[in-house]
Amino acid sequence: MTRLAFIGGGNMARSLIGGLLKTGAAASSIRVAEPQAQAREALGREFGVATFAENRLAAEDADILLLAVKPQVMPALKAELRDLLQRQRPMLVSIAAGVRLDQLERWFGSHLPIVRCMPNTPALIGAGATGLCANARVSPPQKAQAQHILDAVGLTRWIGDEALMDTVTALSGSGPAYFFALVEALEDAAVAQGLPRETARALAAQTCLGAGRMLAESGEAPGELRRRVTSPNGTTQAALESFAADGLARIAANAIGAATRRGAELAAELDAKEPRP
Ligand SMILES: NC(=O)C1=CN([C@@H]2O[C@H](COP(=O)(O)OP(=O)(O)OC[C@H]3O[C@@H](n4cnc5c(N)ncnc54)[C@H](OP(=O)(O)O)[C@@H]3O)[C@@H](O)[C@H]2O)C=CC1
Ligand SMILES: O=C(O)[C@@H]1CCC=N1
């Protein structure tokens with residue numbers, strides 16, 4: 001049984017732990033380090049996993065350390081974990097946005113197998129999407145092990161060129177929020193026309209789910225699915241023309257660009273904080 005230790009027990013750790021347990025992982029194989037007592041208590045109660053205030057205690061004997069702290073917190077872990085990482089040599093799996101493999105090697109040791117990945121919160125319900133890339137120390141069995149963890153909570157894709165991980169972050173890491181924002185906007189627009197809020201929310205959310213399932217399950221291109229909804233000169237055509245006139249493609253490209261740049265900035269901010277050799 002692979003022993004997995006989460007460093008950081010926030011939103012994303014909860015999504016991954018919840019998803020892993022739903023697919024049959026044993027709660028006894030998972031430990032979590034989380035500084036906040038209330039959050040620790042909730043993790044223990046909801047998931048039955050062992051929780052620790054100290055990272056070192058959670059990491060003891062782990063085969064895999066899953067680093068689930070904010071990017072800005074990552075460098076602070078190095079002093080705390082250095083001895084243990086020297087001795088134990090676990091595989092590190094980082095989910096931090098922007099943080100590059102070379103930074104992780106610098107902080108934690110280039111002798112370690114390290115996987116950088118980008119999951120998303122639908123992992124909680126087994127519908128996650130994760131891009132992964134690995135450093136040269138990750139052996140094929142370790143790669144399979146890392147993939148196994150993320151496969152348990154949804155779809156996975158290996159990304160050959162690490163530079164594209166910021167694009168993955170912008171697309172699928174942050175992506176759930178875009179769909180939530182769109183549903184909020186559609187719901188508000190329908191409410192403004194008089195539809196009760198509960199009805200508008202239910203219809204918008206179910207439409208999002210139905211469209212998502214058709215995209216995932218039909219094997220057809222989004223353009224083809226879109227065309228089938230769009231009767232000539234009908235209501236959908238009117239709405240899509242309105243989207244196009246308002247620059248939907250540009251709006252999406254700008255948003256993906258902004259998120260991608262922010263990923264690179266997060267890493268650059270961490271570099272800037274380090275003393276120059
Ligand atoms: N949220 C998302 O959709 C996604 C997030 N990510 C990445 O996942 C990582 C975590 O994000 P998210 O879960 O949203 O953030 P959260 O803030 O919810 O979780 C981070 C957790 O780490 C805890 N923490 C802070 N300092 C330490 C420390 N020194 N040692 C151990 N734990 C610590 C925090 O506690 P406290 O609150 O007390 O500070 C918090 O509970 C980020 O790097 C993010 O980029 C990746 C994919 C998707
Ligand atoms: O917003 C963020 O920075 C994190 C990474 C992807 C989703 N949430």
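Residues numbered from 1 in each chain as written. Chains lettered and ligands numbered in written order. Predicted model: local features only at pLDDT ≥ 70, side-chain atom pairs only at ≥ 80, totals over all residues.

**Considerations on helix 7 (residues 165-173)**
Right, on to step 1. The buried fraction of helix 7 is high, at seven of nine residues.
Right, on to step 2. Looking at the buried positions of helix 7, the neighbouring elements they touch are strand 6 (114-118), strand 7 (128-134), helix 8 (175-192) and helix 12 (248-273). (Buried ≥ 20, exposed ≤ 12 C-beta atoms within 10 Å, placed from the backbone. Helix = DSSP H or I, 4+ residues; strand = E, 2+ residues; numbered from the N terminus. Contact = placed C-beta atoms within 7 Å.)

**Digging into the site of ligand 1**
Right, on to step 1. Ligand 1 sits among 27 residues. The nearest are Gly-8, Gly-10, Met-12, Ala-96 and Ala-97.
Right, on to step 2. Per-element accounting of the shell around ligand 1 gives the leading share, three residues, to helix 1 (residues 11-22).
Right, on to step 3. In terms of residue class, the shell around ligand 1 is made up of 16 nonpolar, nine polar and two charged. (Near = placed C-beta within 6 Å. Nonpolar A, V, L, I, M, F, W, Y, C, P; charged D, E, K, R; others polar.)

**Re the nonpolar core**
Right, on to step 1. Core analysis: the biggest nonpolar cluster contains 57 residues, and Ala-5, Ile-7, Leu-66 and Leu-67 have the highest contact counts within it.
Right, on to step 2. Top contributing element to this core by residue count: helix 1, with five residues.
Right, on to step 3. Residue contacts for Ala-5: discarding those within four places in its chain leaves Arg-31, Ala-33, Ala-58, Ala-59, Ala-62, Leu-65 and Leu-66. (Core = buried A, V, L, I, M, F, W, Y, C linked by C-beta atoms within 7 Å.)

**Section: the pairing of strand 2 (residues 30-33)**
In summary, the side chains of a regular strand alternate between the two faces of the sheet.
Right, on to step 1. Burial along strand 2 is two-sided: the face carrying Ile-30 and Val-32 and the face carrying Arg-31 and Ala-33 are both buried.
Right, on to step 2. Sheet topology note: the strand 1 (residues 4-7)/strand 2 ladder contains four bridges and is parallel. Note on strand 2: the bridge partner recorded for Ile-7 is Ala-33.
Right, on to step 3. Taken together, the three bridges between strand 2 and strand 3 (residues 50-52) define a ladder with parallel strand orientation. In the sheet register, Arg-31 faces strand 3, and the bridge partner there is Ala-50. (Pairing = 2+ DSSP bridges.)

**Some words on the UniProt feature "domain: Pyrroline-5-carboxylate reductase dimerisation" (unreviewed entry) in the protein**
Right, on to step 1. Under the feature "domain: Pyrroline-5-carboxylate reductase dimerisation" (unreviewed entry), the UniProt entry names residues 162-266.
Right, on to step 2. This span, residues 162-266, is 82% helix and 0% strand, and a straight line between its end C-alpha atoms measures 15 Å. (UniProt positions renumbered as here; feature names shortened; annotations may be inferred.)

**A word on the sheet that holds strand 4 (residues 64-67)**
Through backbone hydrogen bonds, the strands of a sheet pair up, either in parallel or in antiparallel fashion.
Right, on to step 1. Taken in spatial order, the eight strands make up an open sheet running 3-2-1-4-5-6-7-8, and their pairing is mixed. Edge positions in the sheet fall to strand 3 and strand 8 (154-158), since each of these pairs with one other strand and no more. Geometrically, the sheet is characterised by an average inter-axis angle of 25° between neighbouring strands, direction not taken into account.
Right, on to step 2. The sheet contact formed by strand 4 and strand 5 (residues 91-94) spans four bridges and is parallel. Residue pairing in the sheet places Leu-67 in a bridge with Ser-94 of strand 5.
Right, on to step 3. Lying over the sheet, helix 1 contacts strand 1, strand 2 and strand 7, oriented at roughly 170° with respect to strand 2. (Axes fitted to C-alpha atoms, helices over the stretch in contact; angles between N-to-C directions.)

**Things to note about the site of ligand 2**
Right, on to step 1. Within the structure, ligand 2 sits among Ala-97, Thr-169, Gly-173 and Ser-174.
Right, on to step 2. Per-class residue counts for the shell around ligand 2 are one nonpolar, three polar and no charged.

**What about the domain arrangement of the protein?**
Right, on to step 1. Split into domains, the protein comes out as domain 1 (4-168) and domain 2 (175-246).
Right, on to step 2. One C-alpha centre belongs to domain 1, the other to domain 2, and the line joining them spans 34 Å. (Domains from an automatic or database assignment.)

**Here we look at unusual backbone geometry**
What is expected of a backbone is that most residues other than glycine have negative phi and most peptide bonds are trans.
Right, on to step 1. The phi torsion at Asp-61 lies on the positive side, around 70°, for a residue other than glycine.
Right, on to step 2. By the element assignment, Asp-61 lies in the loop between helix 3 (55-59) and strand 4.
Right, on to step 3. On the basis of neighbour counts, which here come to 11 C-beta atoms within 10 Å, the residue Asp-61 falls in the exposed class.

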